[in-house]
Amino acid sequence: MALPDDEETPLLQQSEQPTAIDKTPLPWDQFWIILFLQLSDPLSSQTLAPFIPQLIRDIGVTHGDESQVGHYVGILQSSYFAAHALTIFHWSRLSDQIGRKPVLLAALLAISVSMFSFGLSKTFLDLVFSRAICGAFNGINGVVNSMVIDITDETNMPKAYGYMPVPWMIGTIAGPLIGGSLSRPADGFPDIFGRSELLKTYPYLLPCSISGVFASIAFLVTYFHLKESVSTRTPLWELIKGGFSRLSYPKPPQPSSNVDPGETNPEEVQSKPLSLRALMTPKVSTITAIYTITGLFSMAFSTVLPVFYATPIELGGLSLDPPRIGATLATAGVAHGIFQMVFYARLHDYFGAKVMHVAGVSSGIPIVILFPVINALARAYGICLIVWLFVAVQLALTTNLIMCYSCLALFVKAAAPNRASVGATNGITQLFVAGARIIGPASATSIFSYSMQEGHDAWLAYYFMMAIAFLAVGASLLLPRDPSIWEDHQ
């Protein structure tokens, strides 16, 4: 007798019923630990940033040639990203097998040990080794993304990713303050550290130790309080005994002539990680390409921006000194983090992930155009209010660009062939993004320096970044209207 009642129900009322969906609260008992341990990564890298050039001079590898400082700084930075690119996929894939928690513990231990090692290094080779070890064992980014996907659902995941920039915001503020103020403490604070022979012998040990101790605390918090989010795990000892052969994931079951394909248990397939070949579906390939192009542009812009600020006005920059550059970037970092934390989930609910991502990469075009505009204004009027206004507009537009990563994380989750391969799918995207982190900064800064030389086109670097921005916009159009469309077609 229910059929007549259903037929008499107004269609409008029927269509409105599915929209009343309650959002799942964030699991804060675990989520705060994820945010806390994630802070170790930006804090360690940003602590080193202020004093690495002076450290390169102090160890004497340049033999007094000031022009070589940037060259060796680039090698040191690349050693981390190169090692990271070689291992990030394997760590993410391993987390599907043994769980997220052991991989995160290994990363935190590596950060702690490498920071102490860096502070005690006296040769350039020791510095490179310390950063390479950190990069090789640091699988935090990919595994944290996978863990957030594990503990959230489609109703609260956008809100979770709204908080993800907070650790990076704190790290980009606290790290430079620690590294800049506490390096060479015997000289900077002679009344407190002047009698310490250890800090005189190793003048950069104190800031490195602070980051190392924080990573150790994060290790203990993670070990005792973080719950594993992967339900089906393979004991590590079994993988070791098998020579990690089980990491070459079993292929999906193939129906034989004696078995009805319809009898395959979908839950069994969904519970097994897939082989690398099975992972490379069109969806995964698409999101990987989009993620890589977005990362390439973001890294190129982030690297050129401080160089542009420091370059003399007559050569195409702004002639800002390091304190003003640091204050400008720190202020922008705080603004970006607060904006995403407060507004990202609301904007996502209203516009959707694809619209936000397309808008974000499209903002890259005016961001690049503003470089020569700002320089032209500085040439005409000097560093005045109108110049700072356009600088603020450019930095405000980068907020859209930064939110692209949260949108792409939703598509990565939707593109994963099954729930058990989320970590490996994240690993694939992080592998290619790590490659972009190597290529982007080196190519962008090299072209920028080349374009500043007399007789060369001053806009050459901007043409390069504009081409990447247009490529990112075109690639973003390949995304479905909503990540759920990909999930519905699994």
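Please read these numbers as outputs of a predicted model, since none were measured by experiment.

1. Here's the deal with the packing of aromatic side chains
And step 1. Enumeration over the complete set of coordinates arrives at 20 aromatic pairs.
And step 2. Pairing Trp28 with Phe31 gives two aromatic rings, centres 5.3 Å apart and planes at 65 degrees, and the pair type is edge-to-face. With a gap of three residues between them, Trp28 and Phe31 both fall in helix H3 (residues 28–38), about one helical turn apart.
And step 3. On the numbers, 5.3 Å between centres and 85 degrees between planes, the contact of Tyr80 with Phe81 is edge-to-face.
And step 4. Three or more aromatic residues link up through ring pairs in this structure, and these residues are Phe301, Phe308, Tyr309, Phe371 and Tyr462.
And step 5. The ring of Tyr223 carries Lys101 above its face, with NZ or CZ at 5.8 Å from the centroid.

2. What to know about unusual backbone geometry
And step 1. Residue His63 is not a glycine yet carries a positive backbone phi of 55 degrees.
And step 2. Here His63 is to be found in the loop between helix H5 (52–59) and helix H6 (69–98).
And step 3. For His63, a relative accessible area of 74% gives the class exposed.
And step 4. Located in the positive-phi region is Ser319, a residue other than glycine, with phi close to 60 degrees.
And step 5. Note on placement: Ser319 falls in the loop between helix H19 (282–310) and helix H20 (322–351).

3. Concerning the pattern of salt bridges
And step 1. Taken as a whole and judged by the stated rule, the model has six salt bridges.
And step 2. In this structure, the salt-bridge partner of Lys200 is Glu197, at a minimum N-O distance of 4.0 Å. Within this pair, Lys200 and its partner Glu197 are both found in helix H14 (residues 197–201), separated by three residues, close to a single helical turn.
And step 3. Each of Asp58, Arg184 and Asp187 takes part in salt bridges that share partners, so that together they form one network.

4. Thoughts on the confidence of the model for the chain
And step 1. Averaged over all residues, the pLDDT of the chain is 83; the fraction at 70 or higher stands at 85%.
And step 2. Below pLDDT 50 for its whole length, residues 1–20 participates in two contacts with residues either more than four positions away or in separate chains.
And step 3. Here residues 248–269 is modelled with pLDDT under 50, and outside its nearest four sequence neighbours on either side it reaches 17 contacts, counting other chains as well.

5. Considering the packing of helix H21 (residues 353–362) against helix H23 (residues 385–415)
And step 1. Following both chains from N to C, one finds H21 and H23 inclined at 145 degrees, their axes separated by 8 Å at the closest point. The hand of the H21/H23 crossing is left-handed. In contact with Ala353, Lys354, Met356, His357, Ala359, Gly360 and Val361 of H21, H23 contributes Asn400, Leu401, Met403, Cys404, Cys407, Leu408, Leu410 and Phe411.
And step 2. By residue class, the composition of the contact of H21 with H23 is eleven nonpolar, three polar and one charged.

6. Quick notes on the environment of Ser45
And step 1. Position of Ser45 among the secondary structure elements: in helix H4 (residues 40–48).
And step 2. Exposure remark for Ser45: the relative accessible area of 25% places this residue in the partly exposed category.
And step 3. Linking Ser45 and Tyr80, residues 35 residues apart in sequence, is a C-alpha distance of 9.9 Å.

7. Considerations on a nonpolar patch on the surface
And step 1. Together, Ile338, Phe339, Met341, Val342 and Phe343 give the surface a local cluster of nonpolar side chains, amounting to about 380 Å² of exposed area.
And step 2. As for its position among the elements, Phe343 is in helix H20.
And step 3. Here Phe343 falls in the partly exposed class, since its relative accessible area comes to 35%.

8. Digging into the packing of helix H11 (residues 165–182) against helix H15 (residues 205–225)
And step 1. The contact between H11 and H15 brings their axes to 8 Å, and the two run at 150 degrees. On the basis of their axis angle, the class for H11 and H15 is roughly antiparallel. Handedness of the crossing formed by H11 with H15: right-handed. Contacts between H11 and H15 involve Ile178, Gly179 and Leu182 from the first element and Leu206, Pro207 and Ile210 from the second.
And step 2. Of the residues contributing to the contact of H11 with H15, the split by class is five nonpolar, one polar and no charged.

9. What to know about the state of the cysteines
And step 1. Evaluation of the coordinates by the stated rule reveals zero disulfides.
And step 2. Free cysteine: Cys404, not disulfide-bonded; nearest cysteine sulfur from Cys407 at 6.2 Å.

10. Side note on the nonpolar core
As a rule of thumb, soluble globular proteins bury nonpolar side chains together.
And step 1. Formed by 114 residues in total, the largest nonpolar core has its most connected members in Leu37, Phe118, Tyr161, Tyr309 and Leu318.
And step 2. Beyond its immediate sequence surroundings of up to four residues, Phe118 is in contact with Leu48, Phe51, Ile52, Leu55, Leu76, Leu127, Ser130, Arg131 and Cys208.
And step 3. In this structure, Leu39, Ile178, Leu199 and Leu206 belong to the second largest nonpolar core, which totals eight residues.

Conventions we followed
Residues numbered from 1 in each chain as written. Predicted model: local features only at pLDDT ≥ 70, side-chain atom pairs only at ≥ 80, totals over all residues. Heavy atoms only, no water. Phe/Tyr/Trp six-rings, centres within 6.5 Å; stacked < 30°, edge-to-face > 60°. Helix = DSSP H or I, 4+ residues; strand = E, 2+ residues; numbered from the N terminus. Lys NZ or Arg CZ within 6 Å of the ring centre and 35° of its normal. Buried < 20%, exposed > 50% of the residue type's maximum accessible area, 1.4 Å probe, protein only. Salt bridge = Lys/Arg side-chain N within 4 Å of Asp/Glu carboxyl O. pLDDT = per-residue confidence, 0-100. Contact = heavy atoms within 4.5 Å. Axes fitted to C-alpha atoms, helices over the stretch in contact; angles between N-to-C directions. Left-handed = near helix turned anticlockwise from the far one by under 90°. Nonpolar A, V, L, I, M, F, W, Y, C, P; charged D, E, K, R; others polar. Patch = residues over 30% accessible without salt bridge, like charges linked within 9 Å, V, L, I, M, F, W, Y side chains within 5 Å. Areas by Shrake-Rupley, 256 points an atom, 1.4 Å probe, with all protein chains shown as cover. Parallel < 35°, antiparallel > 145°, perpendicular 65-115°, else oblique. Disulfide = S-S within 2.5 Å. Core = buried A, V, L, I, M, F, W, Y, C linked by side-chain atoms within 4.5 Å.

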